[in-house]
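# Fold and geometry: a report
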Amino acid sequence: MKIYFNLNYDTFTNSYIIVNDDEKVKQVIIVDPGKITTKMIEQIEKEKYKLAAVLITHNHPSHVAGLKTLNKIYTPKIYAADYEIEGFETELLTGDGRKKIAGLIVEYFSIPGHTSDGMAFKIGNVIFTGDSISAGVAGSTQSKYSTKLLCEKVREKIFSQCDETILMPGHGPPTTTGAEKRFNLDFYKIKS
């Protein structure tokens, strides 16, 4: 598995291309396509990969606007906790579970708080967290209840992973579960 990071400079939002380069599979998954660039298309086309799926961590325009471009070129399956993203039908994910996508095992976790449809996706030792957690900060919320819920779910579902688990957020640099458990004070201001 390879992961390519793509930054949308307009909104400072991260998108990721996950490649299963096994010769028998040669498929990719895109996480949070906020903006699709020529570079991203070239990453897929250069090696003749098939875009198998798009994973959406939450339905905010800065994380899904690129779906219109993708669907003009490809026909990926869209996975999200919202049944319709940008007018495209999705395979609805509820709760926690796992699926085999592009030949990879994808675990998914419901993490409401930043939004009601918040999801995180784990592939191997990497979790794509969307806006639930970034390096050093918790995701923004609209109420004290949402903040408490977000902190509770992150502690339960992300902080329970091994310390070496890599976190790829919707904004900012990658981090690890261990670093966030030790240094992200946002999750200790609000008690369960």
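Here the structure is a predicted model, which is why all the values come from computation and not from measurement. (Residues numbered from 1 in each chain as written. Predicted model: local features only at pLDDT ≥ 70, side-chain atom pairs only at ≥ 80, totals over all residues. Heavy atoms only, no water.)

### Quick look at the packing of aromatic side chains
Put simply, the rule is: Ring pairs shown here join Phe, Tyr and Trp side chains whose ring centres sit within 6.5 Å, with only the six-membered ring taken for Trp; geometry is labelled stacked below 30 degrees between planes, edge-to-face above 60, and tilted in between. Secondary structure is summarised from DSSP: a helix means a run of H or I of at least four residues, a strand means a run of E of at least two, and numbering begins at the N terminus for each.
The final tally for this structure, using the stated rule, is 3 aromatic pairs. Ring geometry for Phe 5 against Tyr 16: centres 6.0 Å apart, planes inclined by 55 degrees, an arrangement best described as tilted. Residue Phe 5 is located in strand β1 (residues 2-8), and its partner Tyr 16 is located in strand β2 (residues 13-20); the two are separated by 11 residues in the primary sequence. Connected via pairs of aromatic rings, a cluster forms that spans Phe 5, Tyr 16 and Phe 128.

### Observations concerning unusual backbone geometry
For the record, the criterion: A 1.4 Å probe rolled over the protein chains alone gives each residue an accessible area, and that area as a share of the maximum for its type sets the label: buried under 20%, exposed over 50%, partly exposed in between.
One non-glycine residue with positive phi stands out, namely Phe 12, at about 50 degrees. Note on placement: Phe 12 falls in the loop between β1 and β2. Taking relative accessible area as the criterion, Phe 12 reaches 53% and is therefore assigned exposed. In this model, Asp 32 sits at a positive phi of 55 degrees, which is unusual for a non-glycine residue.

### Things to note about the sheet that holds strand β4 (residues 50-55)
The condition that has to hold: Whether two strands pair comes down to DSSP finding at least two bridges between them. Contact definition: two residues touch when any of their heavy atoms are within 4.5 Å. Here an angle of 0 to 180 degrees is reported between the N-to-C directions of two axes, which are lines fitted to C-alpha atoms, with helices fitted over the stretch in contact.
What the 6 strands build is an open sheet, ordered β1-β2-β3-β4-β5-β8; its pairing is mixed. Each having just a single partner strand, β1 and β8 (91-92) make up the two edges of the open sheet. Judged from the 2 bridges that link them, strand β5 (residues 77-80) and β8 form a sheet pairing that is parallel. Paired with Tyr 79 across the bridge in β8 is Glu 91. Running at roughly 165 degrees to β1, helix α1 (residues 38-46) makes contact with β1, β2 and β3 (27-31) of the sheet.

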